[in-house]
Amino acid sequence: MKQLSKNKSYLILSVIIVSALLLYTYFFFVKKTGYNCDEIYNMGLANSYYNPHLYAGNEADFIKEKNIKAAFNEWTTGEIYHDYVTVQKGQQFSYGSVWYNLSKDSHPPVYYALLHTISSFFPDTFSPWFALSINFISFILTMILLYKAGCEWGSPVFSLILCAFYAYSGGAADTYTFIRVYAFSALLATALFYLMSKLLKTGKKRYLLFLFAVTLTASLTHYHLILFAFFLTLITELYLLIRKKWKTFFALGFTMLAGVLVSFAVFPDAIYDLFHDSSVFAGQKMSLYYQIRFIRKLVIAQFTGLELPYMKTYFPIYARSFLLFAVIILLVSFFLFRKEKLAPRFFKKAKEIFWKVIHIVKALLKRLPYMYDILFLTALCIYIYYIFSLPAAAMQLNTIRYFFPFYPLLCLLILTSGKELLFSVVHKAINKKVLIGSTCTVVLICSLFSNILHTHTFLYDSMPVTGIQMTDLPKDATYIVFAPLAYHRTNYAIDLDGVSNLYLICQRESSDTAFPASLSTLPESSADENVYVLFPDISSDNIEIMGARTNDEWLSMIKALPYTEDFTWLGTDCENGYIVEIYQLR
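Summarised in this report is the structure supplied together with it. (Residues numbered from 1 in each chain as written. Predicted model: local features only at pLDDT ≥ 70, side-chain atom pairs only at ≥ 80, totals over all residues. Heavy atoms only, no water.)

Some details on the packing of aromatic side chains
Move 1: Per the stated rule, a full pass over the model turns up 46 aromatic pairs.
Move 2: On the basis of an interplanar angle of 85° and a centroid distance of 5.3 Å, the ring pair of Tyr 111 and Tyr 112 is categorised as edge-to-face. Both residues of the pair, Tyr 111 and Tyr 112, belong to the buried class.
Move 3: On the basis of an interplanar angle of 75° and a centroid distance of 5.5 Å, the ring pair of Phe 482 and Phe 535 is categorised as edge-to-face. Taken together, the positions of Phe 482 in strand S3 (residues 478-483) and Phe 535 in strand S5 (residues 531-536) put the pair 53 residues apart, joining distant regions of the chain. One exposure class covers both Phe 482 and Phe 535, and it is buried. (Phe/Tyr/Trp six-rings, centres within 6.5 Å; stacked < 30°, edge-to-face > 60°. Buried < 20%, exposed > 50% of the residue type's maximum accessible area, 1.4 Å probe, protein only. Helix = DSSP H or I, 4+ residues; strand = E, 2+ residues; numbered from the N terminus.)

Pasting the structure below:
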């Protein structure tokens, strides 16, 4: 088969990148229903001027300093939301504010500084493109690095199949349509591994400089990247120790350590964040058995669309019983027919098959590059750490975000394993064109299934949205907004940015009391305005409110407000994964 030329490879790679970006754009602007609250915090931490959060209280104990700007039970305006998600004129390029905001949260600041820089060119303006541009540029650079890594381990054809498998997967779609730090983290994780492999292959000192810069940036981007860099360096150092490459051993160890230490000097709060489990979900893990099965279920669904059960079933019992029964039948048969004429030939054939399997395994291990072993062990360490640490019981499907940075490298592992296994077993028996064609077919099926069958966690595209949406409502209107929990008030920051009048009520805090007296009258500025109520469905699976008051009881109290003229249902929208009913009072 003729080798694919470099120009053709680059052209096909460009087509994959552009088509994938178009797919992600379609998902975000057509399929996505509402923002995840973390996507809004993303904008606030980057752009809000020395004000990291809009809420306070027990629900926000993980925040080191509490700011109350969007207070409950009083009339205010949508300017509080506008100022939170946008950069105001005169406050552009205020990196001191970014550093301050992140010092009061639990994330390092580099990604937010990038987002703030882009937003600063468009003061008083919110657009999801500010964050999406970082995601999409990260995707392009990640794909280039993934292609180069694939070419190191195989042919350009293999590398293109690898890039297509990643780019068109549900996992990649979720990564690049979720406007958080994870897309940029995927670029940095891929860059760390690629530079490490180039250093070991060439020994050139310039890669040490690149590794220092990427390690420093990664440490200031996401704390889990420090963990990844630690495991990657540890296993690489063991390899260098075994090979007795002392110069590279000490140079690499010093470089990686220096990158992390300098990041602590740049952002000292990282030391506190790393050694204090300050998450509001801390300790809310499943048992080890369920944690393993649940994480396995999430990751497999991201690339195949197959939703494996993680709860206990009878299948393992049936499978073990069947296997035990089969072994007993075989052993009894061997004993009863040991003197038959066919017995020696059978045992000889069985022995040949056994040694052939051993030979194939040996050949497979020899074919795998040494960097495969390093990457595999690094991925295994990350997986074990996540099994014991991720609060899957509380975060449920949201847990999957922590795997986003490592998906490109996971794809590299999976496809390299498949390629080497095929070449060790059937490469002589099957035509190369047939092999490539069948592989592309499998990749296509996985891509389709992972995007069609798999539920995209942060798109909320399966939510039953009908009628008028929040984006259809006017800004010059009055809004009474119910938030199930205190921190949910942030969920409305984009849809209610700049509205005339706003009243926020926390349902948990008001579940057994009457409405505050301040809600019985409207502000004077609302005289000629429509009045809307945004009411979340607290009976949905995503909401847990302690208290005896039902949806109907809440709605009865709203109808009894003195300025209610015509209580009309307008539509159903989605915020942060839960249903919000929209009503008009006047």
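Let's pick the thread back up.
Some thoughts on helix H7 (residues 156-167)
Move 1: For H7, which comprises twelve residues, the first-to-last C-alpha distance of 16 Å matches the rise-based estimate of 16 Å (1.5 Å per residue) to within 8%.
Move 2: Across the twelve residues of H7, twelve count as buried, placing the element largely inside the fold.
Move 3: Within H7, the full set of buried residues consists of Pro 156, Val 157, Phe 158, Ser 159, Leu 160, Ile 161, Leu 162, Cys 163, Ala 164, Phe 165, Tyr 166 and Ala 167. (Expected span 1.5 Å × (residues − 1).)

Quick word on the side chain of Lys 419
Move 1: Structurally, Lys 419 can be placed in helix H19 (residues 407-425).
Move 2: Taking the relative accessible area as the measure of exposure, Lys 419 reaches 15% and is therefore buried.
Move 3: Only 2.5 Å separates the side chain of Lys 419 from the side chain of Glu 420, close enough to count as a polar contact.
Move 4: When residues no more than four places from it in sequence are discounted, the contact partners of Lys 419 are Trp 153, Gly 154 and Phe 158. (Polar contact = N/O pair within 3.5 Å; in protein donor to acceptor, adjacent residues only side chain to side chain. Contact = heavy atoms within 4.5 Å.)

A short note on helix H20 (residues 432-452)
Along an α-helix, a turn takes 3.6 residues, which lines up residues three or four apart on a common side.
Move 1: Here H20 spans 30 Å end to end across 21 residues, near enough to the 30 Å set by a 1.5 Å rise per residue.
Move 2: Buried within H20 are the following residues: Leu 435, Val 443, Cys 446, Ser 447, Ser 450 and Asn 451. The buried residues of H20 occupy an angular sector of 120° when projected down its axis, which confines them to one face. Exposed residues lying more than 90 degrees from the buried face of H20 are Lys 433, Leu 444 and Ile 452. (Arc of directions from axis to C-beta.)

Fair warning: the whole summary comes from geometry, so function is off the table for now.
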